[in-house]
Amino acid sequence: MNEIIKTLSAPEPISVSVEGMTCASCVRRVEMAAGKVPGVAASSVNFATKRLTVEPAEGFSAKTLVAAVKKIGYEVAPKTIELTLQRHKGGVDADRLKTVLEAVATTVSAEVDAQSGVVTIETVGGGRQREMLIETARLAGFTLKSPTGAAHDHARQGHDHTHHTGDERKLERDVILAAIFTTPLFVLEMGGHLYAPMHHWLMGAMETQTLYYVYFALATVVIFGPGWRFLKSGFPALAHGAPEMNSLVALGVSAAYLYSLVTTFAPGLLPDNARHVYYEAATVIVTLILIGRLLEARASGKTGDAIRKLAGLQAKTARVERDGMTRDIATDDVVVGDIIVIRPGERLPVDGEVVEGASYVDESMISGEPVPVEKGAGSPVTGGTINGNGALKFRATKVGADTMLAQIIALVEQAQGSKLPIQLLVDRVTGLFVPVVIAVAVLTFIVWAIFGPQPAYTYALINAVAVLIIACPCAMGLATPTSIMVGTGRAAELGVLFRKGEALQALRSAHIVVVDKTGTVTKGKPELTDLLVADGFERREVLRLVAAVESMSEHPIAEAIVRAAKAQDVTTPAGLKQPTIGNFQSITGYGISAMVEGCKIDVGADRFMEKLGLSTAPFADTARRLGDEGKTPLYAAIDGQLAAIIAVADPLKPSSIDAIKALKSMGIEVVMVTGDNTRTAKAIALQVGIEKVVAEVLPQGKVKAIHDLRQGGKVLAFVGDGINDAPALAEADIGIAVGTGTDVAIESADVVLVGGDLAGVVHAIGMSRATMRNIRQNLFWAFGYNVALIPVAAGALYPAFGIMLSPVVGAGAMALSSVFVLGNALRLKTAKVTT
């Protein structure tokens, strides 16, 4: 059993939510704690998504990982999967199944109800975890199914979103509570300072000591109520020698509060001129920071819109035919080979192939094209797309995590959770930032206490608290990951999936884009483009007879001619039966011939016509023109007479010309590298505006061409779609795979274009540039803000200008800095990248 579990638990990156992280310093602590867990090869935290990603190795245990994160003051939120145990025998089976499931490395906990058979598993596994757990149980002799009805899994992003909403509600509650108790305290204290009549009224209505008691009661409610979150996280982190943002707030608020307590209850410990209370500063700081957190949570929630939209495209149930009956089951219970019934207007639950019916399907979520695509028997269909007015039955070919939609979601999640090289530098800086700020605050207090004017201790306290409060590294921690989240989400909407985060940073510096021809610039599927007939022949009849002969061949060119005949409805005219074909011959290197309805039909190259004694001179000019256009000319003879010239070509994708023009306008050199013959390659290149062509190269030749082209340190991106492009995709600085290509090509790439055309390359580079520009803006603001305001908070302007920064102003500025960074990142949601 252990060997089975080891096989089924094949290592793949594991991503989980972590609760309680509030700044970049938290990120560093969680990464270091997770990295020290046995069986963790690498760990990374994305502050914007609040997710920890680890690479498991031999000996990995989810329980150990969760315990390690919890030990430093944070909570891991695992994914919960609910299943039902079929045909169980009570407690014995329940206990044995629990043992089996908990032996899986990614399982945090497993509970099996002996009476109901309900199985609840907490796991940190990925998208295939559910299927893996079911298979593990099956190999141990148990049958697990989803509960009746819709799937009961708490999907990763959905669960996170629910939890995120819960955090928002708690913040809203705390903000309201803090505001209710802070407002009267602030009005009474500050109103008395700012408005003399109010001060006189207040002094007449209540003794100063009694007023302090009121302030104390109001402040205590705020600090140990809504503000408790800062104290319970900040001081333990400080005690562990790893202070973070909550530590700064906790120190600042506690200092103001404790100083006020001494003034209130033991004033004799302070000089007469230093007996002041700062209850209002402590409570206003708590309230403003909570408001900032709430605004940040709301803005941060919007950064994950792309994933939620994609997840919303997944159908919850499927109508399948099993055992002669049609029934609705959870989409997660669909297996490969199931026949699925789709009614008009319904969303397809999984990927498959149509076996019955005809309809038009809206595939805009994949292709971005608004025009529905016709589907009939044999047509592929994709889960998440929407059926039109017809009814369909299709056979499931990919289910669960293997569907295209699930893979798209996984790629977007992977990109959003990735850490760019620039972020590693930011993390190192912020890891040292909080200890340095605490040291600056201590130094500020000492300097003011020794050299400051009277009351020196009061000035020292105010400035030290201001330094602590204003120096929050939240904006630094959010600067990069929020831009990545929004940028990659917007890219996904444009049909661009970044498989590797490094590509998002590298692509913006691309100097050269190398494109393959077949399937990248062109459609990769030959089509009949021209058919010109000689005098005395009728076009439709010639096409019908030629198609009849070509239907006996499996050559791609033959298939193109037959498809064209079917599309033009000339294969079986009204009143005629399928043409009878006899004496079919295929002459290698020349062409084919056959008897069709008593006529001898010959189709082939010019040398075939010459072999038959027929001159192709009447079509000489046309043949040259077709060759220059990158088309392959063929000839047809009927009963010994030259009847037509036929051109078959791999046509350009509609967007290729505009896309290459757009790439050039971005200052990027475009080069074509292909295995096709030089004449055809140059003809295609001329049509799309590519000046440099490297043709007739084998796969390894493409690798050499890439190596030669990027001499001088130029950053090169390669775009391809076939198996033969895989080496080149891996060799390039950034490999870009056309999503309609082979799995091998996609796996070798850093970026995948879902739409399948070169417009996606423009979108990818455009979004890379926009995202990196956005990150630079965020980092400039976040670091510039701290560099500029920490000295001001410390009192650097006081000797020359008499200016001091109030801790209250610092709290407001600190909150706004994070909101500014998030707001700037959200601008990427509407980024325009056009061809």
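Just so we're clear, the structure is a prediction, and the values are computed from it rather than from any experiment.

> What's the story with the overall build of the protein chain in this structure? I'm lost.
Scanning the protein chain from N- to C-terminus turns up 31 helices and 30 strands. Within the span of the protein chain, comprising 835 residues, buried residues form 52% of the whole. Relative to all contacts within the protein chain whose residues are 6 or more apart in sequence, the contacts with residues 24 or more apart total 69%. Accessible area for the protein chain stands at about 36300 Å²; split by element, carbon and sulfur atoms hold 58% of it.

> Got a minute to help me understand the packing of helix α24 (residues 656-665) against helix α29 (residues 759-794) in this structure?
Angle between the axes and distance between the axes: these two values describe a pair of packed helices. Look at α24 against α29: their axes get within 8 Å of each other, and the N-to-C directions meet at 30 degrees. Between α24 and α29, the interaxial angle falls into the category roughly parallel. From α24, A659, A662 and L663 reach across to α29, where they touch A759, V761, V762 and I765. Within the contact of α24 with α29, the residues separate by chemical class into 7 nonpolar, no polar and no charged.

> Even after reading the chapter, I still don't get unusual backbone geometry, so can you show me in this structure?
Most peptide bonds take the trans form, and the phi angle of most residues other than glycine is negative. Cis geometry is adopted by the peptide bond preceding P455, which originates at Q454 and carries an omega value of -5 degrees. When you line up the elements, P455 lands in the loop between α15 (421-451) and α16 (456-470). Of note in this structure, E597 is not a glycine but carries a positive phi near 50 degrees. Following the sequence through the fold, E597 ends up in the loop between β22 (591-596) and β23 (599-604).

> Explain the sheet that holds strand β17 (residues 392-398) here, please?
Ordered in space as β10-β9-β11-β17-β12-β15, the 6 strands form an open sheet in which the pairing is antiparallel. The sheet is open, and its two borders are formed by β10 (325-330) and β15 (380-381), each paired with just one other strand.

> Sorry if this is basic, but what is going on with the packing of aromatic side chains here?
For any pair of aromatic rings, the description consists of the separation of the ring centres together with the inter-plane angle of the planes. Following the criterion strictly, the structure yields 12 aromatic pairs and no others. Ring geometry for F224 against W228: centres 6.3 Å apart, planes inclined by 35 degrees, an arrangement best described as tilted. When the centroid spacing of 6.0 Å and the interplanar angle of 50 degrees are considered together, the rings of Y459 and Y798 count as tilted. Taken together, the residues Y459 in helix α16 and Y798 in helix α30 (residues 798-801) connect sequence positions 339 residues apart.

> What is the right way to look at the side chain of H763 in this model?
Within the secondary structure layout, H763 lies in helix α29. Those residues in contact with H763 that sit more than four places away from it in its chain are L494, V496 and V833.

> How should I be thinking about a nonpolar patch on the surface in this particular structure?
Residues V442, L443, F445, I446, V447, I450, F451 and Y457 make up a contiguous nonpolar surface patch of roughly 800 Å² in combined accessible area. When residues in the nonpolar patch are grouped by element, the largest group, 7 residues, is from α15. One can find L443 in helix α15.

> Would you mind going over helix α21 (residues 556-567) with me for this structure?
At 3.6 residues per turn, the α-helix brings residues three or four places apart onto the same side. Between its first and last C-alpha, α21 extends 16 Å over 12 residues, near the 16 Å set by a 1.5 Å rise per residue. When we look at burial in α21, the residues that qualify are I557, A558, A560, I561, V562, A564 and A565. Positive backbone phi, at 55 degrees, marks D569, one or two positions downstream of α21.

> What is the right way to read the sheet that holds strand β13 (residues 359-362) from this model?
The 3 strands are arranged β14-β13-β16 in an open sheet whose pairing can be described as antiparallel. Since the sheet does not close on itself, it has two edges, and those belong to β14 (373-375) and β16 (386-387), each with one partner.

> Explanation requested: the UniProt feature "transmembrane region" (unreviewed entry) in the protein chain in the structure shown.
Following the UniProt record, the feature "transmembrane region" (unreviewed entry) maps to residues 175-198, 210-228, 248-270, 276-295, 429-451, 457-480, 779-798 and 804-826 here. Secondary structure content for residues 248-270 is 78% helix and 0% strand, while the C-alpha to C-alpha distance between its ends is 25 Å. Split by type, residues 276-295 is 85% helix and 0% strand. Its first and last C-alpha atoms lie 33 Å apart.

> For this particular structure, what's the right way to read the pattern of salt bridges?
Side chains that carry opposite charge are capable of pairing whenever their charged atoms lie near each other. Under the definition given, this model contains 24 salt bridges. Notably, a salt bridge pairs D174 with R173, separated by 3.2 Å at the nearest N-O pair. D174 gets classed as buried once you look at its relative accessible area, which sits at 7%. The partner of E346 in a salt bridge is R319, and the shortest N-O contact between them spans 3.1 Å. Of this pair, E346 sits in the loop between β11 (339-342) and β12 (351-357) while R319 sits in strand β9 (residues 317-322), placing them 27 residues apart in sequence. Judged by its relative accessible area of 16%, R319 is buried. One network of salt bridges, with partners in common, ties together R319, D328, R343 and E346.

> Is there a simple way to explain the pairing of strand β19 (residues 512-515) in this structure?
The side-chain alternation of β19 yields two buried faces, one formed by I512 and V514 and the other by V513 and V515. Relative to strand β26 (residues 669-673), β19 runs parallel, the two sharing 4 bridges. Residue pairing for β26: V514 is matched across the bridge by V671. Of the pairings in the sheet, the one linking β19 to strand β28 (residues 716-720) comprises 4 bridges and is parallel in character. In the strand pairing of β28, V514 is matched with F718.

> Please clarify how the environment of Y457 should be interpreted in this entry.
As for its position among the elements, Y457 is in helix α16. By relative accessible area, Y457 is classed as partly exposed at 46%. C-alpha of Y457 to C-alpha of R275: the two residues are 182 residues apart in sequence and 9.8 Å apart in space. Excluding residues that lie within four positions of it along the chain, Y457 makes contacts with Y259, F445 and A449.

> I'm lost on the packing of helix α9 (residues 228-239) against helix α10 (residues 245-265) in this one. Help?
Across the interface, α9 lies against α10 with an axial gap of 7 Å and an inter-helix angle of 110 degrees. Taken together, the axes of α9 and α10 lie roughly perpendicular to each other. Seen from α9, the contacting residues are F230, L231, S233, G234, F235, A237 and L238; seen from α10, they are N246, S247, V249, A250, L251 and S254. Per-class residue counts for the contact of α9 with α10 are 8 nonpolar, 5 polar and no charged.

> Before we go on, may I ask you to explain helix α3 (residues 62-71) in this structure?
Those residues of α3 that fall on the buried side of the exposure criterion are A62, L65, V66, A68 and V69. The buried residues of α3 occupy an angular sector of 160 degrees when projected down its axis, which confines them to one face. Residues of α3 that are exposed and point more than 90 degrees away from the buried face comprise K70 and K71. Downstream of α3 by one or two residues, G73 has phi in the positive range, about 100 degrees.

Cut-offs used in this document
- Residues numbered from 1 in each chain as written.
- Predicted model: local features only at pLDDT ≥ 70, side-chain atom pairs only at ≥ 80, totals over all residues.
- Heavy atoms only, no water.
- Helix = DSSP H or I, 4+ residues; strand = E, 2+ residues; numbered from the N terminus.
- Buried < 20%, exposed > 50% of the residue type's maximum accessible area, 1.4 Å probe, protein only.
- Contact = heavy atoms within 4.5 Å.
- Areas by Shrake-Rupley, 256 points an atom, 1.4 Å probe, with all protein chains shown as cover.
- Axes fitted to C-alpha atoms, helices over the stretch in contact; angles between N-to-C directions.
- Parallel < 35°, antiparallel > 145°, perpendicular 65-115°, else oblique.
- Nonpolar A, V, L, I, M, F, W, Y, C, P; charged D, E, K, R; others polar.
- Pairing = 2+ DSSP bridges.
- Phe/Tyr/Trp six-rings, centres within 6.5 Å; stacked < 30°, edge-to-face > 60°.
- Patch = residues over 30% accessible without salt bridge, like charges linked within 9 Å, V, L, I, M, F, W, Y side chains within 5 Å.
- Salt bridge = Lys/Arg side-chain N within 4 Å of Asp/Glu carboxyl O.
- Expected span 1.5 Å × (residues − 1).
- UniProt positions renumbered as here; feature names shortened; annotations may be inferred.
- Arc of directions from axis to C-beta.

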